[in-house]
Amino acid sequence: MASSTVRPEDRDRLDEHDVARRLLESSAKLSYDPATEVDWDTPLDKDFHGASPEWSTLYGTAYWNELTDAQRKELTRQEAASVASTGIWFEMILQQMVLRDIYTTDATDPRFQWALTEIADECRHSIMFARGAAKLGATAYRPRRAVVELGRAFKTLAFGEAAYAAILVAEEVLDVMQRDWMRDERVVPFVRTINNIHVVEESRHMKFARDETRRRLRSAGPVRRQLNAFVIAVASYFIVTSMVNREVYANAGLDTRRALAEAGANEHHKSLMRSSCSGLMEFLASARLLTGPALALYRRANLI
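Residues numbered from 1 in each chain as written. Predicted model: local features only at pLDDT ≥ 70, side-chain atom pairs only at ≥ 80, totals over all residues. Heavy atoms only, no water.

When you look at the overall build of the protein in this model, what are you seeing that I'm missing?
Within the protein one finds 14 helices and zero strands. What you see in the protein, going N to C, is helices and strands ordered as α-α-α-α-α-α-α-α-α-α-α-α-α-α. The C-alpha radius of gyration of the protein comes to 20 Å, within 12% of the 19 Å expected for a compact globule of 304 residues. Each principal axis of the C-alpha atoms in the protein carries an extent, and together these give about 70 × 45 × 35 Å. Counting all 304 residues of the protein, 52% fall into the buried class. If you take every contact in the protein between residues at least 6 apart in sequence, the share linking residues at least 24 apart comes to 83%. For the protein, the computed accessible surface area is about 14400 Å², with 55% contributed by carbon and sulfur atoms. Computed over 41 positive and 42 negative side-chain charges, the separation of the two mean positions in the protein equals 5 Å. (Helix = DSSP H or I, 4+ residues; strand = E, 2+ residues; numbered from the N terminus. Rg over C-alpha atoms; globule rule 2.2 N^0.38 Å. Buried < 20%, exposed > 50% of the residue type's maximum accessible area, 1.4 Å probe, protein only. Contact = heavy atoms within 4.5 Å. Areas by Shrake-Rupley, 256 points an atom, 1.4 Å probe, with all protein chains shown as cover. Lys, Arg positive; Asp, Glu negative; His and termini not counted. Charge placed at Lys NZ, Arg CZ, Asp CG, Glu CD.)

Even after reading the chapter, I still don't get the nonpolar core, so can you show me in this structure?
Side chains that are nonpolar tend, in soluble globular proteins, to be buried together. Membership of the largest hydrophobic core comes to 89 residues, with the highest contact counts inside it found for Leu58, Leu75 and Phe90. Sorting elements by how many residues they give to this core places helix α7 (residues 160-183) first, with 13 residues. If near-sequence neighbours (up to four positions away) are discounted, Leu75 is found in contact with Ser56, Leu58, Trp64, Leu67, Val248, Tyr249, Ala252 and Leu254. (Core = buried A, V, L, I, M, F, W, Y, C linked by side-chain atoms within 4.5 Å.)

Please clarify how the packing of aromatic side chains should be interpreted in this entry.
A ring pair, where both rings are aromatic, is described by two values, the distance of the centres and the angle of the planes. All chains considered together, the criterion is met by six aromatic pairs. Here the aromatic cluster, defined as three or more aromatic residues joined through ring pairs, consists of Trp114, Tyr164 and Phe208. Across from the ring centre of Tyr63, 4.3 Å away, lies the NZ or CZ of Arg258, which sits over that ring. (Phe/Tyr/Trp six-rings, centres within 6.5 Å; stacked < 30°, edge-to-face > 60°. Lys NZ or Arg CZ within 6 Å of the ring centre and 35° of its normal.)

What should I look at first to understand the side chain of Glu201 in this one?
Topologically, Glu201 is positioned in helix α8 (residues 189-217). On the basis of relative accessibility, which here comes to 1%, the residue Glu201 falls in the buried class. From its side chain, Glu201 meets the backbone nitrogen of Tyr32 in a polar contact 2.7 Å long. (Polar contact = N/O pair within 3.5 Å; in protein donor to acceptor, adjacent residues only side chain to side chain.)

Any chance you could explain the pattern of salt bridges here in plain terms?
In a structure, side chains of opposite charge can pair up when their charged atoms sit close to one another. Taken as a whole, this structure holds 21 salt bridges when the rule is applied. Ionic pairing is found between Glu66 and Arg258, a salt bridge with its closest N-O pair at 2.9 Å. Linking Glu66 in helix α3 (residues 62-66) with Arg258 in helix α11 (residues 256-264), this pair joins segments that are 192 residues apart in sequence. Classification of Arg258 by relative accessible area gives partly exposed; the value is 27%. Put simply, Glu149 and Arg152 hold a salt bridge, and the shortest N to O gap is 3.0 Å. Of this pair, Glu149 and Arg152 both sit in helix α6 (residues 145-157), three residues apart, roughly one helical turn. (Salt bridge = Lys/Arg side-chain N within 4 Å of Asp/Glu carboxyl O.)

Such coordinate-based values are descriptive only and should not be taken to indicate function.
Following this line, the structure appears as structure tokens:
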């Protein structure tokens with residue numbers, strides 16, 4: 001009888017607190033320290049790929065077929081380092097958005113404590129990705145200057161569902177490819193360890209991002225929903241299209257112009273991206289965030 005007197009908004013708040021508590025408990029039981037879990041000391045073995053070759057932007061193209069085995073492995077190492085560098089860039093945006101979001105909230109709230117736990121995770125991940133890219137023998141890949149400045153604006157202005165759904169997009173895309181890489185014995189062992197750590201810990205982050213997106217949308221009217229659907233799609237487009245920097249081809253010893261042309265027309269890679277994002281698109285559709293303008297951008301980024 002007592003439970004029937006609880007107001008719906010109070011019940012929702014209790015459910016949200018319960019989710020945060022369970023995430024905190026999971027983090028306490030299953031988290032990693034990359035400084036000790038990853039083998040940083042063993043020299044890079046160039047007999048391994050840096051990522052599953054099927055995830056290379058050139059896999060299945062005429063250019064890929066012409067490459068030697070050593071060239072293919074070097075390309076996947078450079079591409080993996082570029083993906084890691086993009087991950088660092090967006091994790092830095094994520095940390096600032098989450099910290100800004102909880103700035104004035106109740107510190108005794110489990111959601112506040114979980115948010116700080118997530119930020120701590122992302123700090124460790126960024127250091128892990130940075131060390132991993134360096135060990136792969138890569139330069140510091142960065143998105144184009146215009147994209148960096150758009151990211152600067154996004155981290156300052158995005159709030160509510162726009163922030164959390166964009167976080168989810170970045171994490172979902174990385175999660176799918178890294179699940180393949182961490183199981184692939186052709187991938188250099190230390191990268192497989194990095195991917196395993198990231199997949200395990202990001203699963204909690206994605207749960208929180210989905211819940212926060214749904215929660216923030218409860219009070220959203222049609223105009224706000226349309227606007228944020230487009231903002232999320234724009235952020236998603238630039239995140240995905242920045243994952244593999246054009247400089248990876250030159251750094252792998254390839255013809256950049258030809259590589260860019262063949263990568264841009266690579267239907268295998270486009271199909272892989274679409275299939276990997278099917279669950280994400282189902283979530284965005286259920287949240288009514290797949291509007292016409294948003295769909296156009298997702299199609300252009302080969303996410304749907």
